[in-house]
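Results of the structural survey
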Amino acid sequence: MVDLRRRRGTLFIVILIVCAIILVSLQLSGRYEGNPLHTLVLRVISPPQRAFHWVIASIRSVLQNHIVLVDLKQENLRLQEEVHRLQREKDELRESSYVAERLRRLLQFKARVQATMIPAEVIAYSPSAWFRTIVINKGFRDGVQKGMPVVTWEGVVGKVMRTSSGSSIILLVVDRNSSIDVLVQRTRTRGLVEGEGGSRCQLRYVPRTDDIEAGDHLITSGLGGIFPKGLSMGDVVRVERKEYGLFQEVEVRPSADFSRLEEVIVILRLPEKGEG
Amino acid sequence: MLRVLVPLGAGVIWLIVATALLGFLPSNLPPPDVVLIVVISFGFQFTLPLGGGLAFLLGIIQDVLSGGVIGLNALSKTVVFVLTRSIAQRFYFSNIASKITMVFVGGIVDGLLVTCLLLIGGAIHIPGGVLARHLLLQVICTGLLSPIVFVITPQATDFSERGGGDIFHYGKTKTRPRGI
């Protein structure tokens, strides 16, 4: 007969493993989202996370403002050259009719979309290699809700995945679970940008015959009702058309630089149709 | 109580430090799994119920902070703890080199388990080659970080050892000699 007192350690481990398997299967089948657990843990972990972020930010600030100032002169010269180069590029681009058309559309878009936005600070990054997420210091107390789009001045960052009272988890566009409907700006070809888990994305479901080439710019299509139309999504870096198959393989570099994310903007409310 | 809270606190602090500092890593590198290192360190010191429970709790917290499927890391970390403890008991070693080797082995087991569960649940659809490369990179990153975590973490566990009783051998009063 099995002596349960001697085997209680093993029994406890078996119970834990069974609990974990039940939790995972409930979530993968969509029957449980685990929101109360998320809220509880985030509420406990967020304050020390904020405190540690403050310490790191202070150290970073000291390094940037005092120690790194030693190289300020060289940095200044380099930046001046960069400004001149950008100015030349801007002038050239201004003369092209294609960019004029794009700017006109962007201006129209900006005038049309009067979205309510809130800035937020990135306080933590995902501790797991399997999910590309960040934690921001705004939660449902600030009006942030699940599914809201998150952007920077560079382009789309992701969308709100979970919220607690004072913080939220953002699913980045490079995460494997992320997919966003986009348009190729030059040809208006539609596709779905899906994350790869690394620093790049894939543009999927683009027919082999469609005209798309490296350097093409992608913008959000506005379909799906989450992201407003016209936000910068990324640039095509590689196109591969195989001998077989319906679609071409397109690699995309997102506009937002996820390794340098410090502040993001959460779009709280898109204007209703006809509003503004 | 102290025996549970000190190692759990150490694990949570490592997790918070990691989540704050991971932003400094290049975005094309997978983040090292700090919880895995802490759990493997537990595998060399704690009994099945204590270490297993701690591994499970840290896994749950890691799942919540990553916004992923809750239970995924809890399951994999518990399995890695049991595996580490079995190997440590069977071969009776606990020096830093064997711990680092165990991080590589545990990293592969953890990664394969998570991948299998995500594939079975249909949560990811990516080619095997990409997954293998990702897994290998993550194991290497975690392995490179592990010496730092191993050097710092024992301070917390030493404290817990003073707090009481049998740590390694279940049902025996003497503790295991260090550094074998």
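Let me begin by describing the structure that accompanies this report. Along each chain, numbering runs from 1 in the same order as the chain's sequence is written. Chains and ligands are labelled sequentially in the order written, the chains with letters from A and the ligands with numbers from 1. Side-chain atom pairs in this predicted model are given and counted only at pLDDT of 80 or more, local residue features only at pLDDT of at least 70, and totals for whole chains, interfaces and linings cover all residues. Side-chain metrics in this entry use all non-hydrogen atoms of the structure; hydrogen atoms and water are not considered.

**Focus on unusual backbone geometry**
Residues and elements named next belong to chain A. Under the convention used in this document: Buried residues are those whose accessible area, probed at 1.4 Å on protein chains only, stays under 20% of the maximum for their type, while exposed residues exceed 50% and partly exposed ones sit between those limits. Here a helix means four or more residues in a row that DSSP labels H or I, a strand means two or more in a row labelled E, and each is numbered from the N terminus.
Positioned with a positive phi, arginine 188 is a non-glycine residue whose angle comes to about 65 degrees. Exposure remark for arginine 188: the relative accessible area of 34% places this residue in the partly exposed category. Its identity is not glycine, yet tyrosine 205 carries a phi of approximately 60 degrees, on the positive side. Counting through the fold element by element, tyrosine 205 comes out in the loop between β8 (201-204) and β9 (217-220). By relative accessible area, tyrosine 205 is classed as partly exposed at 46%.

**Comments concerning the pairing of strand β7 (residues 190-195) of chain A**
Residues and elements named next belong to chain A. Inclusion rule: A pair of strands is labelled paired if DSSP reports no fewer than 2 bridges between them.
Across 5 bridges, strand β6 (residues 179-184) lies against β7 in antiparallel orientation. Bridge pairing in β7 places aspartate 181 opposite leucine 192. Linkage of β6 to β7, two consecutive antiparallel strands, is achieved through a turn of 5 residues, within which arginine 188 is found at a positive phi near 65 degrees. Alignment of β7 against β8, held across 4 bridges, turns out to be antiparallel. Bridge pairing links glycine 195 to cysteine 201 in β8. Here β7 folds back onto β8, and the loop between the two strands holds 5 residues, one of which, glycine 197, carries a positive phi near 95 degrees.

**A short note on the sheet that holds strand β3 (residues 149-151) of chain A**
All names here are of chain A. Formally: Note on method: axes are straight lines fitted to C-alpha atoms, helices fitted across the in-contact stretch only, with angles between N-to-C directions ranging 0 to 180 degrees.
Taking strand neighbours around the barrel as the criterion, the 6 strands line up as β1-β2-β5-β4-β3-β12 in a closed arrangement whose pairing is antiparallel. For this sheet, the mean angle separating the axes of adjacent strands, direction not counted, is 45 degrees. As paired strands, strand β2 (residues 133-136) and strand β5 (residues 168-172) are joined by 4 bridges and run antiparallel to one another. Looking at the pairing, valine 135 lines up with isoleucine 169 of β5.

**Brief notes about the pattern of salt bridges**
Formally: A pairing counts as a salt bridge when a side-chain nitrogen of Lys or Arg comes within 4 Å of a carboxyl oxygen of Asp or Glu.
Applying the stated criterion across every chain yields a total of 13 salt bridges over all chains. One continuous salt-bridge network, built from bridges that share partners, spans Arg186, Asp211, Glu213 and Asp216 of chain A.

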